[in-house]
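Spelled out, the chains give:
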Amino acid sequence: MARYGLLIDASKCTGCHACSVACSMYNELEEEVTYNRLEFIERGKYPHAVMEIVPLQCMHCDNPPCATVCPTNATFKREDGIVSIDENKCIGCKACMTACPYDARNLNEGRIPEKCRWCPEMLENGKQPACSSTCMNEVRLFGDLDDPGSEINKKMAQHEVKQIIPEKGTQPRIYYIK
Amino acid sequence: MLKQKLWIGISALLVLIGMAGMINIFLHGEHVMGTTNYVPWGSLIGAYVFFVATSTGLTFISSLAHTFKVHKFDVLTKRMTLASIATLLMGFVMIGIELGNPLAMVYIILSPNFTAPIFWMGLLYSFYLALHVVEFYFQLKGDHKKINVISPIVLAVAVAAQSTLGAVFGMAVARGYWNDAYISIYFILLAFISGLAFVSIMMFLMSKADVISKKTKDQISQLPPVMSKMILGLLAAAVFFNVWKWIYTLSGNVPGQADAAMLMAGGALTLPYWLLEVGFVFVVPIVLLLTLKKQQGLALMLSGLSMLIGIFAMRMIMVFAGQAIPLNIIPGAESATGLREFSITWSEWATFGFGVGGTILIYILGEKLFNLNLEDDHHTESEKSGEKMTNTGYKYAR
Amino acid sequence: MKMKRRSFLKAGAATAAAAAIPFKLSISDFKEAAENEDMKRIATTCNGCASMCGIYAYMKNGRLWRVEGHPVHLKSKGRLCARGHGMAADLYGKGRVPGPMKKVAEGEFEPISWEQAFKEIGEKLTKINEEHSGNSFLWLEHGVRGKRYADPLLDRIGSSNYITHYSTCFSSKTNAWQQMVGGMLNGDHANAKYMIFEGRNFAGGIIPNGMNQITKAKENGAKIVVIDPKYSEIAKIADDWIPIRPGSDLALRLAMAQVMISENLYDKAFVKKYVDGFEEYWHENKDKTPEWAEELTGIPADKIREISREFAANAPEAFIEPGWHGLHCHYINSTQTAQMGVILNALAGNFYKRGGLMPSANVDFGEYLHKDIVETEKGPRADGAGVEGEYMTVEPGRGISQTVPDMIADGKIKSVFIYHFNPLRTAPDPEYQKKIKEAELVVSIPVDWNETSVFTADYILPESYYLERTEVPTAVSGHISHDYPQISIRQQVADPLHDTKPLIDIMRGVTKAMGYNALYDFTVEDEMKAMLEPVGVSPEQLKEAGTVELQTSSVKPEFPVNMQGKPALGTYTGKIQFSAELFRIDGKKGIPTWIPPKVEPDRSKADQFRLIHGKQPYHSHHVTSNNPHLVKITEKYNGTAMWMNSERAEKLGIKDGDQVTIASDLATKSIPVKVTELIHPECVWISSAYGGFSDKLQTSYNLGVNYNDFIPAMVEPYSGTTMSQEVVVTVSKGGEA
């Protein structure tokens, strides 16, 4: 069984939002639902100011607070690490939304809190999901963390990586190059 | 007759408007609710807490009679149980409307998640409702033996359920303002106060109703001093909780916690907090109960009304304060400046109205269908005409 | 009542796997359903912008599902920007014109049949041409896709009036390069060590594979310098963002050249061999020192020296990006700024060098031979482009598109066909542009209800969406460097949803009604066959592949020379000419030197700013602004806000998110402000995407403000551009949202 992870090099992102629109098309998302987003952070004073951009989406945590609080196991952790949703079981209590420290979920028209799926049907075939495959700057790299030869492991070995708010104990599966 | 029609009319109107709001929510989902992706829990969650906590509080007080053998309260037990069931059902209506997909509730049984507070809460409150109905049945039958067995269980389940409801908030790791162990205990305390507030109003209406027997009135007139002491005592405890919460929050460094507190110290929630929460829940009752000693019944009724309004606001403030501060995911992010928008829409107000109207209607219905007086009062009361019976019924309602 | 996100799958799966699919789909169902899908993948090209990236369109149960980048196409290489994805969905967009329309009142149209439309237009056009002359006909388009089908008519009736949108876009650049180099070269981003993007936001006007090459080069150690008053998207990956006073880029470039020459850092051997006019240039511009430029640009002289030296040190694997829209229709000195782009690159000796500037690979297509070759003599161009005594130095192939109402008022133009162009929103002064309707006949051939169609057209003849039509093959080239020639094709992936036609059919219909029966008596297939014949790729092969790379020839890093070994560029001397010959002949300056901007904000006035604009990476100027996918990004990320420097904002008491009033002599509008450190204090910036005023386009209607509202229709004397940033606005707090 693979153990999927995602490595993000935020320094290369130029904020074109192709990831978001490609994802919307691929997953046929409703207008008010977005699986991934960009956070913009301005730092410094003119003329030495810079803009940082951080792509965010469901972190597919190893200790997912959303799954912990889900009363019906509608949100659950798959063996390969993907945090998945069984829409049939969702009662729409939105506890997952209040529990998520990353604001990763959006409510759909059916009042079910959706989130990034990590497109397992792509990962299982060794392909990059739409957000990654369309990215002109190759900001995202999905891969199998258990496969020592995988691109993601090679790249992670070359760089120092960090996680977002690891202090919440969520153990996110998305790593960001420092 | 007129007065009864007035009560029924007002509550029916509330129920009808409420149904319009609920249908609107059913048709248009969260578009017509004050919720957003950033503030997913809206005012109906607050209303749910309000109603079920009131229900729990009523159980506490009725258990004073059965479980703790404080027989002064015997006179009120059936009515409190009825009111408790009514408010509990209305709480379920609130959460049912807030839930996106209530039909999937069956999966709470089929696919339970034992780590989820909502699972336990759902289980405990379902259990609570069932036991409550059974308890009420035996109360009506006057089967004290069975009541004495069931009543302590109902109390235990109520405490467990209410503190689990606290945990629903308390265990939200992402929300600094809620993420706190004490919230479960504070919920129990507040439920007790809610129950006392409700009973204070009930007592006043019963004491004014001309159809209530003198004996019952006499029994009720014994209660105000003890009620007053209980309210003051519990409010004092709540003040301690609050003062320490403020001190911990402002001196601590939990992300989101101090910011949320600042909403109340000098931000968007300042007015509702100080006026409705501090003023109506604490200041007004304490002042009334300490000063209006000669008209203790009136003071209790006014205090009860004040506290119920204040506690309702308090639930809203708690729900929104926990979500209004943007999560600090990426420090300095542009999307996390300012506050997350929150609001209460007409459909939601209408749904609360349904809760209030529904409580009154269920109560009146209960008074019509059942004999809620003490057994030894039975004969005198039952000899009176049915019309008068209902006449008293509506007067007991608030 | 519940609307399911994956309802599309349900429908598809239901037919494929009938009852096997549950009411709601979980992730595993998704996979299963996807496998059972009736899925088709068709290669075609994108139309989200003018780059025409190769794409694969995925059709699911006869409906477009999504697109992805074509893996071979050199512009996409498997990757696409937001526009590419979003605009594909506009196939089903609500703003499309559903069939031919005839104007019945101001802004009101009634559907008519194609036959009726052809008949009426044909008759009117014939009558106008008889009364005046064929030269009173104007073909106005974005360029150059419609030219193929405009030319037969223009030639037949004798009209020289083919005008493109380029004067609102980048004519200063193409003009300078044509005059000085004889054509365009592209930056070889992949192999460069030092890249200067001045006023050029490569991450805003996106070529996905170009950006991929740039970020890869950066990973390999290349340095990226971005010079722009606004911290543009490309600045995000720059090693150095140098904010410059808008309008002073020419001064910076003159000073950079001054450093390179005075410090002997330029490639003397290259200049000696391949440059004409160096001495004249130096004689004219010796005094343009960094200190001189510091005053004008606000960039410290030492910084100018530093980048000049670094640029020279990394040469020839260094270049100043030749650019696109940015800088090249913005100021009165835009042509000279573009000329300095040629000169700085030449001083670096980077022409025809790896890591410097490289040519595009050519494709020798065959030509379809038309049967009706009767030509009528043409009169002078109505816009005066290339006409002695008028705008002689303006490229006639591109023309001047912003003054069409004048041409109509002067009686030079009586009938106008507007093909995929929306001057009412993308050219200056919409109120003035509305006067296009004064022509006796205005026919618009758009896809959607754009402002120009709604407010000026007598007839709207909607063209089929790009996913509904097949076009002739094109050579893939421009803006990025690639060794081998590629050809790609746009082909129909979906049946037309509405009563629309491809342009060739529209032209055939109109001209037949004019009595020209054989003018378009061919099909795209006929043309395709003729064009592909010498290429060695069959139409079937091309359609199957979508994009084909031809390994037959390749570009080489060699300066073109003739048989005698002499430089053989397409210029007067065959060399890079520092003096533009035609400019000199027209009595203008051939050598670029300092020209101050036309207008300047008064720096003593707290409320005066230069209004600048730019492309957002998720919009292609206004043309994408009705797309719900892309406007979702706009709304989520505050895309319509005007950027203002925080120090200036503070002085005006303006806070982030405040609504302000912005006014020029021409217009007063209200807009929310983004207060930021990321912009030069003397200007305010807005995106070029917004300000829609066609109420038939609900998503873009009244969304944001457009820079064109504030600028009069002006003509830059050298290249005919709009000088779209020669405008001063006043900004004040308050205004209605």
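Residues numbered from 1 in each chain as written. Chains lettered and ligands numbered in written order. Predicted model: local features only at pLDDT ≥ 70, side-chain atom pairs only at ≥ 80, totals over all residues.

Participant: Would you mind showing me how to read the overall build of chain A here?
Facilitator: Of the regular secondary structure elements, chain A holds six helices and ten strands. By the compact-globule yardstick of 16 Å for 178 residues, chain A fits well, its C-alpha radius of gyration being 16 Å. Counting only C-alpha atoms, chain A reaches 50 × 40 × 35 Å along its principal axes. Here chain A holds 178 residues, and the buried ones make up 61% of them. Long-range pairs, those at least 24 residues apart, make up 53% of the contacts in chain A between residues at least 6 apart in sequence. (Helix = DSSP H or I, 4+ residues; strand = E, 2+ residues; numbered from the N terminus. Rg over C-alpha atoms; globule rule 2.2 N^0.38 Å. Buried ≥ 20, exposed ≤ 12 C-beta atoms within 10 Å, placed from the backbone. Contact = placed C-beta atoms within 7 Å.)

Participant: Looking at this structure, how should I read the overall build of chain B?
Facilitator: When helices and strands are counted, chain B shows 15 helices and zero strands. Across its three principal axes, chain B shows a C-alpha extent of roughly 75 × 45 × 40 Å. In chain B, buried positions account for 54% of the 398 residues. At a minimum sequence separation of 6, the contacts of chain B that also span at least 24 residues come to 78%.

Participant: How do you make sense of the interface of chain A and chain B when you look at a structure like this?
Facilitator: Frequently, the measure chosen for interface size is the accessible area removed from exposure when the parts meet. Counting from both sides, the interface comprises 38 residues of chain A and, opposite them, 36 residues of chain B. At the level of elements, β2 (36–43), β3 (50–57), α2 (65–69), α3 (95–99) and β6 (106–107) of chain A are the ones that each hand at least two residues to the side of chain A that touches chain B. A total of five residues in the side of chain A that touches chain B trace back to one element, the largest contributor, which is β2 of chain A.

Participant: Looking at this model, I keep getting lost on the sheet that holds strand β22 (residues 608–614) of chain C. Mind explaining?
Facilitator: The strands making up a sheet are joined through hydrogen bonds of the backbone, oriented either antiparallel or parallel. All names here are of chain C. If you walk around this closed barrel you meet the six strands as β22-β26-β23-β25-β24-β27, and the pairing is mixed. Averaged over all adjacent pairs, the angle separating strand axes in this sheet is 45°, with direction ignored. Note: strand β23 (residues 642–645) against strand β26 (residues 683–687), two bridges, orientation antiparallel. Within β26, the residue paired with W643 across the bridge is W685. (Pairing = 2+ DSSP bridges. Axes fitted to C-alpha atoms, helices over the stretch in contact; angles between N-to-C directions.)

Participant: What should I look at first to understand the pairing of strand β4 (residues 101–105) of chain C in this one?
Facilitator: Put simply, side chains in a regular strand alternate between the two faces of the sheet. Residue and element names in this part refer to chain C. In this structure, β4 lies alongside strand β5 (residues 108–111), joined through four bridges in antiparallel fashion. Across the sheet, residue K103 finds its bridge partner in β5, namely F109. Counting the residues in the hairpin turn of β4 and β5 gives two residues, including G107, whose phi is positive at 75°. Where β4 lies against strand β17 (residues 459–460), two bridges are found, and the strand directions are antiparallel.

Participant: Teacher, can you tell me more about the nonpolar core here?
Facilitator: Soluble globular proteins tend to bury their nonpolar side chains together. If you look at the biggest cluster of nonpolar residues, it comprises 386 residues, and the most contacted ones within it are A18 of chain A, I311 and A321 of chain B together with M256, L347 and M642 of chain C. With residues up to four places along the chain from it excluded, the contact list for M256 of chain C reads I304, I307, S308, F311 and L344 of chain C. Ranked by size, the runner-up nonpolar core spans five residues in total, among them Y166, F170, W324 and C329 of chain C. (Core = buried A, V, L, I, M, F, W, Y, C linked by C-beta atoms within 7 Å.)

Participant: Looking at this structure, I do not really get the interface of chain C and chain A. What am I missing?
Facilitator: At the junction of the two partners, chain C supplies 45 residues and chain A supplies 41 residues. Counting only elements with at least two residues in the side of chain C that touches chain A, the list comes to α2 (27–35), β3 (63–69), α3 (82–89), α7 (208–219) and α22 (628–636) of chain C. Residue composition of the side of chain C that touches chain A, by class: 22 nonpolar, ten polar and 13 charged. (Nonpolar A, V, L, I, M, F, W, Y, C, P; charged D, E, K, R; others polar.)

Participant: Looking at this structure, how should I read unusual backbone geometry?
Facilitator: For residues besides glycine, phi is generally negative; the peptide bonds are generally trans as well. That bond from G143 of chain C to V144 of chain C is cis: its omega, -15°, falls within 30 degrees of zero. The topology assignment puts V144 of chain C in the loop between β6 (137–141) and α5 (147–157). The linkage connecting A315 of chain C with the following residue, P316 of chain C, adopts the cis geometry, with an omega of 5°. Within the secondary structure layout, P316 of chain C lies in the loop between α12 (301–314) and β13 (318–320). Although it is not a glycine, H60 of chain A sits at a positive phi angle of roughly 45°. Along the chain, the position of H60 of chain A falls in the loop between β3 and α2. Taking the number of C-beta atoms within 10 Å as the measure of exposure, H60 of chain A has 26 and is therefore buried. Even without glycine at this site, E138 of chain A takes up a positive phi of about 50°. Mapped onto the fold, E138 of chain A is located in the loop between α5 (130–133) and β8 (140–144). Under the C-beta neighbour-count criterion, E138 of chain A is labelled partly exposed, with 17 such atoms within 10 Å.

Participant: Would you mind showing me how to read the sheet that holds strand β20 (residues 547–549) of chain C here?
Facilitator: Residues and elements named next belong to chain C. Strand order in the open sheet formed by three strands is β18-β19-β20, with antiparallel pairing between adjacent strands. Each edge of the open sheet carries a strand with a single partner, namely β18 (474–475) and β20. Across three bridges, the pairing between strand β19 (residues 486–488) and β20 is antiparallel. Pairing of S488 across the sheet is with T547, part of β20.

Participant: Would you take a moment to explain the confidence of the model for chain B for this structure?
Facilitator: Any segment with low pLDDT has predicted coordinates that should not be analysed in fine detail. Residue and element names in this part refer to chain B. Per-residue confidence for chain B averages 88 on the pLDDT scale, and 93% of its residues sit at or above 70. Contacts from residues 378–398, a stretch scored under 50 in pLDDT, to residues over four places away or in other chains number 43 contacts. The complex model carries a pTM of 0.92, and its ipTM stands at 0.96. (pLDDT = per-residue confidence, 0-100.)

Participant: Help me understand helix α18 (residues 503–513) of chain C in this model?
Facilitator: Each turn of an α-helix holds 3.6 residues, which means side chains three or four residues apart point in the same direction. All names here are of chain C. The element α18 is largely enclosed, with a buried count of eight among its eleven residues. Turning to α18, its buried residues number three or more, namely L503, I504, I506, M507, R508, G509, V510 and T511. Structurally, α18 contributes buried residues whose contacts are with α4 (114–131), α5, β15 (415–419), β16 (441–445) and α19 (524–532). Where α18 terminates, the next one or two residues include G515, which has phi positive at roughly 95°.

Participant: Please explain the pairing of strand β27 (residues 728–733) of chain C as it appears in this structure.
Facilitator: Residues and elements named next belong to chain C. Pairing of β22 with β27, which is carried by three bridges, proceeds in the antiparallel orientation. Directly across from R610, in β27, lies its bridge partner V728. Note: strand β24 (residues 659–663) against β27, four bridges, orientation antiparallel. Considered in β27, the bridge of A663 is made with T730.

Participant: I would appreciate a short explanation of the environment of V548 of chain C in the present structure.
Facilitator: All names here are of chain C. Its place among the elements puts V548 in strand β20. Separated by 319 residues in the primary sequence, V548 and P229 have C-alpha atoms spaced 40 Å apart. Excluding residues that lie within four positions of it along the chain, V548 makes contacts with Q486, I487, V537, Q541 and L542.

Participant: I'm lost on the packing of helix α10 (residues 257–266) of chain B against helix α12 (residues 296–324) of chain B in this one. Help?
Facilitator: Each pair of packed helices can be summarised by the angle the axes make with each other and by the distance between the axes. Residues and elements named next belong to chain B. At a minimum axis separation of 8 Å, α10 and α12 run at an interaxial angle of 125°. As judged from the angle between their axes, α10 and α12 are oblique. Two packed elements cross with a definite hand, and for α10 against α12 that hand is right-handed. Each of A260, L263 and M264 in α10 lies in contact with α12, whose residues at this interface are A321, G322 and A324. (Parallel < 35°, antiparallel > 145°, perpendicular 65-115°, else oblique. Left-handed = near helix turned anticlockwise from the far one by under 90°.)

Participant: So what exactly am I meant to see when it comes to the environment of E726 of chain C here?
Facilitator: All names here are of chain C. In this structure, E726 sits in the loop between β26 and β27. You can call E726 buried: it has 23 C-beta atoms within 10 Å. Beyond its immediate chain neighbours, meaning those up to four positions away, E726 contacts Y331, I332, P597, K598, V599 and M714.

Participant: I tried to follow the environment of H189 of chain C on my own but got confused; where do I start?
Facilitator: All names here are of chain C. You can see H189 is positioned in the loop between β8 (186–187) and β9 (194–198). Taking the C-alpha atoms as reference points, H189 and R79, 110 residues apart in sequence, are found 17 Å from one another. In this structure H189 touches M195, G210, Q213, I214, A217, I480 and S481, once residues within four positions along its chain are discounted.

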